Amino acid sequence: MQNKGMISSTDSFKNPFEDINANVLDSKRIVEYWCSPFEVGLLSDYDENKFRTCNVPIILQGPRGSGKTTILKYFSFPAQLERTQVMGEKSVLSVIRSEGEVGFYFRCEDSFISTFEAIFKRVNKEQWTDFFDSYIELVFSEKILDMLFEIKHRDSSFDVEDYDISKMAEILSANEKIHDLDELKKYIHKQVLYYEQYKNRVLFTDDSFSPSILLKLFSLSEAIVLEIKRNNKEFENVLFVLMIDEFENLSLELQKRFNTIIKFISNIISIRVGRRSEGLITTETVNSTEYLRENHDYLLAALESKLDSENRAYNNYFYKIANKRFYSLNKMSENSEFDICDVLGDKEDLDKECLDNCGRKKKHLEMVLKQSKDLANNKKQLDEIISIIKNDQNPIAETLNALWVLRSKKDSLWEARHVAEIMKAFFNKEDYPGVEKYKLDYSSKYRYAITTYICSVYKRDKLYYSFNTICYLANGNARTFINYCRAIISEALFYEKDIFLKTGRISNHTQSRAVHNYSRSEFDSICSIVDYGDCIKNFILNIGNCFSAYHKDRKVRYPETNQFTYDESQLELHDREILKTAESWAIIIKRSKTQRVSAGNNDRADLYHMNRMFHPIFNISYRIRGGVNLILDKEDVNKLLHQESYYPKAVTKLLDSQEIKHNVSNKQYEQLSLFDSET
Amino acid sequence: MSTVYGMNDFQNCKNILDDSVFVLAIDNEERSFYAHKRFSVQKEKAKSIIVFEYDNCKLSAEQIECIKDLSKTRHIEIVPLPLDQASFIRELKRISSLRTATKFVIDISSMLTPYIFLIFKCLDLWNKDSIKYVINTIPFDYLFTASPFTSFKSYYGNLRMSEIFGYSGNEGITQNNNLYIFIGFEGALSLKVEEETTYDKLYIVNTLPSYYQKYKDISIINNYKLMISKDCEMMYVPATNPFEVYNILDKSLQNDKGVSIAPLCTKPIALGICMYALDHPNVRIVYPFSDKYVIDRSKGVHRSYIYELKQ
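Residues numbered from 1 in each chain as written. Chains lettered and ligands numbered in written order. Predicted model: local features only at pLDDT ≥ 70, side-chain atom pairs only at ≥ 80, totals over all residues. Heavy atoms only, no water.

### Section: the side chain of Arg284 of chain B
So, point 1. One can find Arg284 of chain B in strand β13 (residues 283-293).
So, point 2. Excluding residues within four positions of it along the chain, Arg284 of chain B makes contact with Glu109, Ser111 and Phe112 of chain A together with Glu163, Tyr167, Ser168, Gly169, Gln175, Thr197, Val259, Ser260 and Ile261 of chain B. (Helix = DSSP H or I, 4+ residues; strand = E, 2+ residues; numbered from the N terminus. Contact = heavy atoms within 4.5 Å.)

So, in structure tokens, the structure goes:
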């Protein structure tokens, strides 16, 4: 299908997915690209209004790239200024008033936090967190004043002349130095600058730390906010919100500090915290007997909680994100007929993929049927069965037929004729015994598994393309989805620009090549920057190769097996820490609820899978299904983490029995070379 | 205005050590011995000598004797090089000559980049008017354990981001300015910096020309993922000329706007960045630190340059 009107001026077409990381996006882009995760139900207990105006602190939790920063930035003052323009409002005041909130965004950048801690801890080990509080309070207060001056600058009718700043001056112990808002702002800025300059000198000069005043968090800012509310009616019902992003970068001491503030929050200023799903997060406060309690001291808004059950919500979200970016960057009207589903295709066509891989070859049938010793030794009967069960137009169906023959306890020829009849009835939509089971096997249970099996037989990479596939691979992560789209569009602009710009459609192979490249590149990048990156890389490569082996099983006994489980309490402490790191970076993902351990084992346990974005590396299914799961003991986990090539016993057994170990091993080395791990 | 001038081939220079404090670090690389051996051949004598010693590369008695010969009094001060910045600054504070001497000859060939920044910060605060000569010896080649382009690694274990102490800029937690990554051989370092640093726009700075053409290829290949995955602008600086680095920064950056710089590059470039940062308090230097570094990273000697720095 063509995307009519998609690209009006082919010369000026820009890849709409170039801006990826919300940390780098300015407020204009944040507003321009905004697609509300609230509207599509990703944070089902919240709507935008509740998230903005709820007095109770909210912790926004999600993995890297899930959209936390975008959300926090969207609700902060610079974005409100942008929205004023977009909404055609005369003054930002009316936007703030109608939204009932004004936000101030801070990112806890690792370099800044670690340097601040290292330096001020040496200045005073007991008091350094007080210094941090005071610093943040000064910066926060300065930001609030910046907001006032910005409003005043844009709206001359905004009155700040009658502010009584005596209370603030008193808090700062600077009554004689501060007489108006301007002086207040300058004074605060001077205090902030003192911190910065002191930080740059102290270790070299041993100067003593003597700030004019040590403030508690919200002590000054609350006074400023109260004065704003007293003077400006527009702010009467507005909640001031401190947005703290990347909370996990704070040391445990600072987290405790913030937790205490969260626990005893005032009703004038609230807090929104953005943090990774896992990581070094504590619920302790500075008081050793008090802990933060969810739904009591704070509300949790988890961006990943719906992944298991509501993939459709994510598809809807990503669909809006993609289309919005096209409209924004290429200045198309929202009424044009552009649709990301048309660019990428809605869903993949597994029948066509298999047909392209097989042609008229029947090696895939032979390899299945030869798992029967009788047939392996009887070429004539093997050929006869193939001639009965074959379906030249449908490799998936004929492979399914071969599996039925292989698994039947009856005479192989009889079973071949029987399943051929069932197949015929199924495609002719006739009522026939066995059709229902055939339909289930063909349409659902074995469809994907047979496709990956056929790819392995003909040594082809599994193709990953279509909007639906990209959504799956993105694993509910907006940044990953945008990255995939960016890679695909770039690939298309390089390899098939004319066709793409003319038809608005990108070929499956180009999509798949971009997906494979991005998956490998991202895996490599992440492993090079996370703690224990080498061990995590080993683990993913080893576990991925295990699943790859399962996907190549010629008896297709483990359709789409891609989950694993281990007993965390049994692991060595160091191994547990490494896996926790992998989890915090969403390299491995824990299912939200405990599940049945594996087919035939009804115990319940935590199940894990690799981030689906790595599945293309191993040509395995992106769907997470039940069935057989890989059960790892303590020794398995240890070796998977610390050895470059290790297969748990269960997998070794499979490989030995089908003599495919050599292939898998070769494949692994082929993959390893892509990740720069020369040995 | 540039504060850096004077660049000569080290082989052509004589009487450099006269009345100076000679500062050097020793590791297993051949280049770390080059300058002091040459001084020894030329029978040059320094007033005093400070040798920084890595924990995993202790000086042999023979090396100590050889270095002692360069000192008029045969007295040398051996100073441990602790990995954490604060401890290193503490060690520097104990060296009285850093405050009193009028002339320094500093061989940075085997100093890890953050140490270079810290030493010059000390001198800037304690002894600003002193004359400083800086020697950098370029190795003949780097050690690539396997295939040439991707196997170079200078550290073990995990990386953690920090500002280099004394170079935090002046914008603190509100920092959200341009980030300049001066790339080197290791893609992991630049990826780490980009991932963990707040910035507005990214500039990737490569060296041109490099000592050898292949080094540019290597740094591009190893940083390619960063280059193609982010919206960034490429810039170029010369690999051996700190003055040009200073001047390019001077032209490119605004004095009134904060900027973050990650010096993952050659030492002469790092020196240029250091000089610029000392003159501009709005500059913030970020660096991916590790707990342990590889000490044998290069072999042989290609060339050696000496730079004269004056205020």
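Anyway, onward from the coordinates.
### A word on the sheet that holds strand β11 (residues 630-632) of chain A
Residues and elements named next belong to chain A.
So, point 1. Taken together, the four strands give an open sheet; going across it, the order is β7-β10-β6-β11, and neighbouring strands pair in mixed fashion. Edge strands, defined here as strands with exactly one partner in the open sheet, are β7 (588-590) and β11. This sheet shows a mean twist of 35° between the axes of neighbouring strands, independent of strand direction.
So, point 2. Taken strand by strand, helix α27 (residues 573-584) contacts β6 (563-566), β7 and β10 (608-610), and its axis lies near 90° from that of β7.
So, point 3. Contacting β6 and β11, helix α29 (residues 634-642) runs over the sheet at an angle of about 95° to β11. (Pairing = 2+ DSSP bridges. Axes fitted to C-alpha atoms, helices over the stretch in contact; angles between N-to-C directions.)

### Description of the pairing of strand β9 (residues 601-605) of chain A
Residue and element names in this part refer to chain A.
So, point 1. Looking at chain direction, strand β8 (residues 595-598) and β9 are connected through three bridges and run antiparallel. Residue pairing for β9: Arg596 is matched across the bridge by Arg604.
So, point 2. As consecutive antiparallel partners, β8 and β9 are separated by two residues, and within that stretch Gly600 has a phi angle of approximately 90°, a positive value.

### Comments concerning the environment of Gly274 of chain A
Residues and elements named next belong to chain A.
So, point 1. For Gly274, the position within the fold is in strand β4 (residues 269-275).
So, point 2. The spacing of Gly274 and Glu246 is 28 residues in sequence and 5.7 Å in space, taken between C-alpha atoms.
So, point 3. Those residues within four positions of Gly274 in sequence are excluded, and the remaining contacts are Leu60, Lys68, Leu72, Ile244, Asp245, Glu246, Phe247 and Glu248.

### A short note on the confidence of the model for chain A
Residues and elements named next belong to chain A.
So, point 1. Of all residues in chain A, 92% attain a pLDDT of 70 or more, and the chain-wide mean is 88.
So, point 2. The low-confidence segment residues 1-5, where pLDDT is below 50, has 15 contacts with residues more than four positions distant or belonging to other chains.
So, point 3. A low-confidence stretch, residues 661-679 (pLDDT under 50), is modelled with 39 contacts involving residues beyond four sequence positions or located in other chains. (pLDDT = per-residue confidence, 0-100.)

### Examining unusual backbone geometry
Residue and element names in this part refer to chain A.
So, point 1. Its identity is not glycine, yet Ser173 carries a phi of approximately 50°, on the positive side.
So, point 2. When you line up the elements, Ser173 lands in the loop between α8 (166-171) and α9 (181-205).
So, point 3. On the basis of relative accessibility, which here comes to 52%, the residue Ser173 falls in the exposed class.
So, point 4. In this structure, Asn619 takes a positive phi of about 55° despite not being glycine. (Buried < 20%, exposed > 50% of the residue type's maximum accessible area, 1.4 Å probe, protein only.)

### Observations concerning the interface of chain A and chain B
So, point 1. Contact with chain A, which involves 45 residues of that partner, is made by 49 residues of chain B.
So, point 2. Of the roughly 3,800 Å² buried at the junction of chain A and chain B (both faces included), carbon and sulfur atoms supply 48%.
So, point 3. Counting the contacts that link chain A with chain B gives six salt bridges.
So, point 4. Between Arg64 of chain A and Glu195 of chain B there is a salt bridge, with the nearest N and O atoms lying 2.7 Å from each other.
So, point 5. At the surface where chain A touches chain B, the tally comes to 22 residue pairs in polar contact (both at pLDDT 80 or more).
So, point 6. Split by residue class, the side of chain A that touches chain B holds 16 nonpolar, eleven polar and 18 charged. (Buried area = accessible area lost by both parts, 1.4 Å probe. Salt bridge = Lys/Arg side-chain N within 4 Å of Asp/Glu carboxyl O. Polar contact = N/O pair within 3.5 Å; in protein donor to acceptor, adjacent residues only side chain to side chain. Nonpolar A, V, L, I, M, F, W, Y, C, P; charged D, E, K, R; others polar.)

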